[in-house]
Amino acid sequence: MFQNFSEALLELFAVSLWETLVMVGISGALGALIGVPLGVFLRLTDRGGVLENGAVNKTVGWLVNAVRSTPFIILLVAIIPFTRLLTGSSIGTAAAVVPLTIAAAPFVARLVEASLREVDNGLIEAAQAMGATTWQIVWKVLLPEAMPGIIAGLTITLVSLTGYSAMAGAIGGGGLGDLGIRYGYQRFLPDVMLAVVLVLILFVQAVQSLGDWAVRRLSHR
Amino acid sequence: MIRLEHIHQTYPGPQGPVHALRGVDLHIRAGEIFGIIGRSGAGKSSLVRTINLLNRPSQGTVTVAGQVLTALDAAGLRAARREIGMIFQHFNLLSSRTVFDNVALPLELAGLSRAQIRERVSPLLALVGLDTLADRYPSQISGGQKQRVGIARALASRPKVLLSDEATSALDPETTRSILALLQKINRELGLTIVLITHQMQVVKQVADRVAVIEAGRIVEQGSVLEVFTRPQQAITRSLVDEILPQELPASVLDHVRQLQGQLSAAGAGTDGRLLRLSYAGDSAYQPILSQLIRDYQLDLSILHGQIDEIQNQTFGSLAVFVAGTPSHVAAAVEHLRAQGVQVEEVATTHQQD
């Protein structure tokens, strides 16, 4: 087994793993940075929300759905001009982070919105009765109460991004998935393919376990 | 302390607008415990929520502690709400915060320092008897304890008014009594005005000074609890009072009375048998009224049904008695009872009772 693993290939493997970590890590963080506020905004403007506004909620909701329904492989190439504007290049790992982030943000937003919806309206009412501002309701009530759900959602997002990142090879983003396709499939090196899959399984397991542990720590329901 | 004037509230509903409140006028005095009772859907929750403007009424003005809340801007309203504590049926505690931090929440919102918060929260936890549970999470304590946290939290910002929205409805009778006793203690020790919404007459009876009965968005009756209990005017009030002091006579008693009346009329003229309900409250409860009737009016008298209870340290009760005697004596006896402050009404014994 693994007889094809020359030193050069091993190095390539390490580089690819690092590229995957970079793509998933950065797009996950940026996706959360955009997605969490977006989810909060969707919850606040929804019917019965503190800033109820049907028109705005529908518009933003439609936009979120539009991005979410675009297949990632199409999103990847469709936004190339935008990617080039931001990173100066349309190929490479940095360039792959842009579409991954754009895919992650609305995904995070919907998951965050769903976990915020789980927070009992009575708690918001209680905070209002105490004289809380909207900002305070978000920071002191909504986000802390929904935190276990939000963390669970971010975990799901990281796992999904790991899958998406395999497609980044299409624009030269590199990463483990790309390695598996180019060496494992196109050069017919089954042991490379197997190694890629095993490492990805371990990676996803680690992310999920870490997420579950954090949820358990945070949850006091 | 609280003045509601011409409050109307309409919500959009699936079948056109729902008129939840239809012209409510209410004046709640400083330092009293005021009960608002009604069946579900009567508008009680809407009403209590207009006091701190969680529900903004479609029409009317709300004045609390001299401040016209309906005229305030958002910032002014937030400041005014800190003077009004509120507790809820389902407690509404933050599951992510400990008991201590839940009570600290309104103080954090008001921008107090960590040291000031500690200084205020500890005595409050002692007041509600939870000082040993400060580090527990709400999921680790009982329902009664949760409501005590709710009460401590509501008191944290030192309000003048406490609103209680069905605060004991999710609790068992024993816990309900202890929570009500705590509210009463707070009312006395802190001079807090308390408005409590409930569908349980028992709650009103145990703690309230005055009560208003709400039905279909209107206040249909109000007065001191003793007054409303002993002289309910409206059908809804009677049925609410009836839940804890049943007025309806059992069928077996009525059957018995009909038999007695039959025997009397068969025996010939000269003797009248009537079923009377005597209601009395306060001083008249202690007079030897019945023995006077027997002695002074030569009546035969049987007590068929009755109950005696106490509200705000005042005894009140009602007795169903069957009196037999000459018509003139019976009439004179009824006059005498009324002169003593006893309410007398004749109970029909025909089958169309209910």
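Residues numbered from 1 in each chain as written. Chains lettered and ligands numbered in written order. Predicted model: local features only at pLDDT ≥ 70, side-chain atom pairs only at ≥ 80, totals over all residues.

## Brief notes about the overall build of chain B
Then comes step 1: A count of helical and extended segments in chain B gives twelve helices and 14 strands.
Then comes step 2: Dimensions of chain B along its principal axes, counting C-alpha atoms only, are 85 × 50 × 35 Å.
Then comes step 3: Excluding contacts between residues fewer than 6 apart, the proportion of contacts in chain B whose partners are at least 24 apart in sequence is 68%. (Helix = DSSP H or I, 4+ residues; strand = E, 2+ residues; numbered from the N terminus. Contact = placed C-beta atoms within 7 Å.)

## What to know about the overall build of chain A
Then comes step 1: Secondary structure summary: chain A contains nine helices and zero strands in total.
Then comes step 2: Each helix and strand of chain A, ordered N terminal to C terminal, gives the series α-α-α-α-α-α-α-α-α.
Then comes step 3: Based on the C-alpha atoms only, the size of chain A along its principal axes is roughly 70 × 40 × 25 Å.
Then comes step 4: Relative to all contacts within chain A whose residues are 6 or more apart in sequence, the contacts with residues 24 or more apart total 72%.

## Quick look at the confidence of the model for chain B
Regions with low pLDDT should not have their predicted coordinates read in detail.
Then comes step 1: In the predicted model, chain B carries a mean pLDDT of 89, and the fraction of residues at 70 or more is 97%.
Then comes step 2: Scored as a whole, the predicted complex attains pTM 0.85, and scored at its interfaces, ipTM 0.87. (pLDDT = per-residue confidence, 0-100.)

## Some thoughts on the interface of chain B and chain A
Then comes step 1: With 19 residues of chain B in contact, the opposing surface of chain A contributes 19 residues.
Then comes step 2: Among the secondary structure elements, those contributing two or more residues to the side of chain B that touches chain A are α2 (74-81), β6 (84-88) and α3 (99-109) of chain B.
Then comes step 3: With four residues, α3 of chain B is the largest single contributor of residues to the side of chain B that touches chain A.
Then comes step 4: For the side of chain B that touches chain A, the class distribution of residues is nine nonpolar, six polar and four charged. (Nonpolar A, V, L, I, M, F, W, Y, C, P; charged D, E, K, R; others polar.)

## What about the sheet that holds strand β1 (residues 2-11) of chain B?
Residues and elements named next belong to chain B.
Then comes step 1: Pairing in this open sheet of four strands is antiparallel, and the strands run β2-β1-β4-β5 from one edge to the other. Each of the sheet's edge strands pairs with one partner strand only, and the pair in question is β2 (18-28) and β5 (67-68).
Then comes step 2: As paired strands, β1 and strand β4 (residues 59-64) are joined by five bridges and run antiparallel to one another. Following the sheet pairing, L4 is matched in β4 by V62.
Then comes step 3: Contacts from helix α1 (residues 44-51) reach β1, β2 and β4 within the one sheet, and its direction differs from that of β1 by about 125°. (Pairing = 2+ DSSP bridges. Axes fitted to C-alpha atoms, helices over the stretch in contact; angles between N-to-C directions.)

## Some remarks on the packing of helix α5 (residues 93-117) of chain A against helix α7 (residues 134-165) of chain A
Residues and elements named next belong to chain A.
Then comes step 1: The interhelical angle for the contact between α5 and α7, taken along N-to-C directions, is 150°, at an axis separation of 8 Å. If you check the angle between α5 and α7, you find them roughly antiparallel. Read as a crossing pair, α5 and α7 show a hand that is right-handed. Where α5 approaches α7, its residues L100, A103, A104, F107, V108, L111, V112, S115 and L116 are matched on the opposing element by L142, A146, G149, I150, G153, L154, I156, T157, S160, L161, Y164 and S165.
Then comes step 2: Residue composition of the contact of α5 with α7, by class: 15 nonpolar, six polar and no charged. (Parallel < 35°, antiparallel > 145°, perpendicular 65-115°, else oblique. Left-handed = near helix turned anticlockwise from the far one by under 90°.)

## Points about the packing of helix α2 (residues 54-69) of chain A against α5 of chain A
All names here are of chain A.
Then comes step 1: As a packed pair, α2 and α5 sit with axes 9 Å apart at the nearest point and diverge in direction by 125°. Considering their axes alone, α2 and α5 lie oblique with respect to each other. In the packing of α2 onto α5, the handedness of the crossing is left-handed. For the pair α2 and α5, the contacting residues are V64, V67 and R68 in the first and I102, P106, F107, A109 and R110 in the second.
Then comes step 2: Looking at the contact of α2 with α5 residue by residue, the classes come out as six nonpolar, no polar and two charged.

## Some details on α5 of chain A
In an α-helix, one full turn covers 3.6 residues, which means residues spaced three or four apart are oriented alike.
Then comes step 1: Taking 1.5 Å per residue, 25 residues should reach 36 Å; α5 of chain A reaches 36 Å between its end C-alpha atoms and fits that length.
Then comes step 2: Counted residue by residue, α5 of chain A has 21 buried out of 25 residues, so it is predominantly covered. (Expected span 1.5 Å × (residues − 1). Buried ≥ 20, exposed ≤ 12 C-beta atoms within 10 Å, placed from the backbone.)

## Focus on the confidence of the model for chain A
Then comes step 1: Summing up the model confidence of chain A, the mean pLDDT is 93 and the portion of residues at 70 or higher is 100%.
Then comes step 2: Per-element mean pLDDT across chain A ranges from 89 in helix α8 (residues 176-186) of chain A up to 96 in α7 of chain A.

## So, the sheet that holds strand β11 (residues 272-281) of chain B
Residue and element names in this part refer to chain B.
Then comes step 1: Read across the open sheet, the four strands follow the order β12-β13-β11-β14; overall the sheet is antiparallel. Every other strand in the sheet has two partners, leaving β12 (300-311) and β14 (343-346) as the edge strands with one partner each. Between one strand axis and the next, the sheet turns by 15° as a mean value, whatever way the strands run.
Then comes step 2: Taken together, the eleven bridges between β12 and strand β13 (residues 314-325) define a ladder with antiparallel strand orientation. Paired with I311 across the bridge in β13 is Q314.

## Some remarks on the pairing of strand β8 (residues 193-198) of chain B
All names here are of chain B.
Then comes step 1: For β8, the buried fraction is high: six of the six residues fall into the buried class.
Then comes step 2: Here β8 shows two buried faces, one formed by T193, V195 and I197 and the other by I194, L196 and T198.
Then comes step 3: In this sheet, β8 lies alongside strand β3 (residues 33-37) in parallel orientation, the contact comprising five bridges. Residue I33 lies in a different strand from β8, and its bridge partner there is I194.
Then comes step 4: As judged from the five bridges shared by strand β7 (residues 161-165) and β8, these two strands associate in the parallel manner. Across the sheet, the residue bridging to V161 is T193, located in β8.

## Digging into the domain arrangement of chain B
Residues and elements named next belong to chain B.
Then comes step 1: As assigned here, chain B comprises domain 1 (2-241) and domain 2 (251-353).
Then comes step 2: Domain 1 and domain 2 are separated by 42 Å when their C-alpha centres are compared.
Then comes step 3: Every contact between the two is made by five residues of domain 1 and, on the other side, six residues of domain 2.
Then comes step 4: Element by element, the count of residues in the side of domain 1 that touches domain 2 is highest for helix α8 (residues 225-230), at four residues.
Then comes step 5: Looking at the side of domain 1 that touches domain 2 residue by residue, the classes come out as three nonpolar, one polar and one charged. (Domains from an automatic or database assignment.)

## A look at helix α6 (residues 121-129) of chain A
Then comes step 1: Burial in α6 of chain A covers these residues: L123, I124, A126, A127, Q128 and A129 of chain A.
Then comes step 2: Turning to α6 of chain A, the residues buried within the fold contact α7 of chain A together with α2 and β6 of chain B.
Then comes step 3: Phi turns positive, to about 90°, at G131 of chain A, one or two residues after α6 of chain A.

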